[in-house]
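Structure assessment
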Amino acid sequence: MGNASSMLTQYDIEEVQEHCNYLFSQQEIVALYNRFCQLDRTAKGFISSDEFLSIPEFSLNPLSQRLLKMVDGLNFKDFVAFLSAFSPQATPQQKVELIFKVYDVDGKGRVTFKDLLEVLRDLTGSFMSEEQREKVLGQVLEEAGYSRESSLYVEDFMKVLSKAGLKMEVEVPVD
C-alpha cells in the first residue's frame, strides 16, 4: 500500500478507515490514495518534503516549514491520519492537537510565549512589528487567563481555541 504501482484493496481501505477513526468515507480514501500516488513521484511508498512542497496550497502556507517537520516521510496510512484533522467530521480535540504540534516549536509538549511569538512571526512576516506581536499575544493570553510566563499544554489550547469557532477542513474530491 502506498506504492504507485500497487492497488488499494478493500482490506487496505478498511484498515485506513479504522486508522483515521472513520473520518473519511471509502470513496474519499480511494481519492486520497490516488492523490498520494501522484505526490509519491519516486513510488517508494512515502512522501518526501520536496513532494509535499509540490502542492501549491502547501508551499504557499506561511507555516509550511513547520508542517514539513510533521509530514516528511509519511506513508499512505499516516498521510490520511494527518489529513483527518482537517476533516469536517474531526472533533475539536483532534484539530487542536494538530495545531498544538505546529506551535510546539521544540516538541516538548508545551507551548511558551516565545513559541507563540515565533509562529506569529511566521504568519505575519513584515506586516506586524515585533512590538505589535508581543502586545497582541500578551492581550490574547491575558484574556484567556494566562500570562507571558505561562506554559500552555494541549488542554490549555483546547480552552483557548474552543471559543474561537475553529474551522479547519479539507475537501476531498471524489470524482
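These remarks concern the structure in this document. A quick note: this is a predicted structure, and the numbers were derived from the prediction, not measured. (Residues numbered from 1 in each chain as written. Predicted model: local features only at pLDDT ≥ 70, side-chain atom pairs only at ≥ 80, totals over all residues. Heavy atoms only, no water.)

With respect to the overall build of the protein chain
The condition is simple: Going along the chain from the N terminus, every DSSP run of H or I of four or more residues is numbered as a helix, and every run of E of two or more is numbered as a strand. For each residue, the accessible area found with a 1.4 Å probe, counting protein chains only, is set against the maximum for its type, and the residue is called buried under 20%, exposed over 50%, and partly exposed in between. The Shrake-Rupley method, run with a 1.4 Å probe, gives the accessible areas here. Residue values count only the displayed protein chains as cover.
If you tally the helices and strands in the protein chain, you get ten helices and zero strands. Secondary structure of the protein chain in N-to-C order comes out as α-α-α-α-α-α-α-α-α-α. Counting across all 175 residues of the protein chain, residues that qualify as buried make up 41%. Counting only carbon and sulfur atoms, one obtains 52% of the accessible surface of the protein chain, whose full area is about 10200 Å².

Concerning the pattern of salt bridges
The test is simple: What counts as a salt bridge is simple: a side-chain nitrogen of Lys or Arg found within 4 Å of a carboxyl oxygen of Asp or Glu.
What the rule picks out here adds up to six salt bridges. Across the pair glutamate 130 and arginine 121 runs a salt bridge whose closest N-O atoms are separated by 2.6 Å. A relative accessible area of 30% means that glutamate 130 is categorised as partly exposed. A residue is classified by how much of its surface remains accessible, and arginine 121, at 34% relative accessible area, is partly exposed. For arginine 148, the salt bridge is made with glutamate 134, and the minimal N-O distance between the two is 3.5 Å.

Notes on helix H2 (residues 26-39)
We count it as follows: Expected helix span is taken as 1.5 Å per residue step, with the number of steps being one fewer than the number of residues. By the convention used here, residues are in contact when the closest approach between their heavy atoms is within 4.5 Å.
For H2, built from 14 residues, the straight-helix expectation of 20 Å at 1.5 Å per residue is met to within 8% by its first-to-last C-alpha distance of 20 Å. Taken residue by residue, H2 has Ile29, Ala31, Leu32, Tyr33, Phe36, Cys37 and Leu39 as its buried positions. Contacts from the buried residues of H2 go to helix H1 (10-19), helix H3 (49-52) and helix H6 (76-84).

Description of unusual backbone geometry
Unusually for a residue other than glycine, asparagine 21 sits at a positive phi of about 55 degrees. Along the chain, asparagine 21 falls in the loop between H1 and H2.

What to know about the packing of aromatic side chains
Put simply, the rule is: Working definition: a ring pair exists when centres of Phe, Tyr or Trp rings (six-membered ring for Trp) sit within 6.5 Å. Plane angles under 30 degrees give stacked, over 60 give edge-to-face, the rest tilted.
Evaluated as defined, the whole model comprises five aromatic pairs. Ring geometry for tyrosine 33 against phenylalanine 76: centres 5.1 Å apart, planes inclined by 85 degrees, an arrangement best described as edge-to-face. Here tyrosine 33 is found in helix H2, whereas its partner phenylalanine 76 is found in helix H6, with 43 residues between them in sequence. The exposure classification of tyrosine 33 matches that of phenylalanine 76, with both residues buried. By way of ring pairs, the aromatic residues Tyr33, Phe36, Phe52, Phe76 and Phe79 are connected into one cluster.

Points about the environment of leucine 123
Mapped onto the fold, leucine 123 is located in helix H8 (residues 113-124). Separated by 61 residues in the primary sequence, leucine 123 and proline 62 place their C-alpha atoms 5.6 Å from one another. If we ignore the near neighbours within four places in the chain, the residues touching leucine 123 are Pro62, Leu63 and Tyr103.

Here's the deal with the nonpolar core
Selection criterion: To form a nonpolar core, buried Ala, Val, Leu, Ile, Met, Phe, Trp, Tyr and Cys residues must be joined to one another through side-chain atoms within 4.5 Å.
By size, the foremost hydrophobic cluster in this structure holds 45 residues, and its most contacted members are Phe52, Phe76, Phe79 and Phe157. Counting only elements with at least two residues in this core, the list comes to H1, H2, helix H5 (64-71), H6, helix H7 (92-103), H8 and helix H9 (130-143). Ignoring sequence-local partners within four residues, the contact set of phenylalanine 52 consists of Ile47, Phe58, Leu68, Val71, Leu74 and Phe79.

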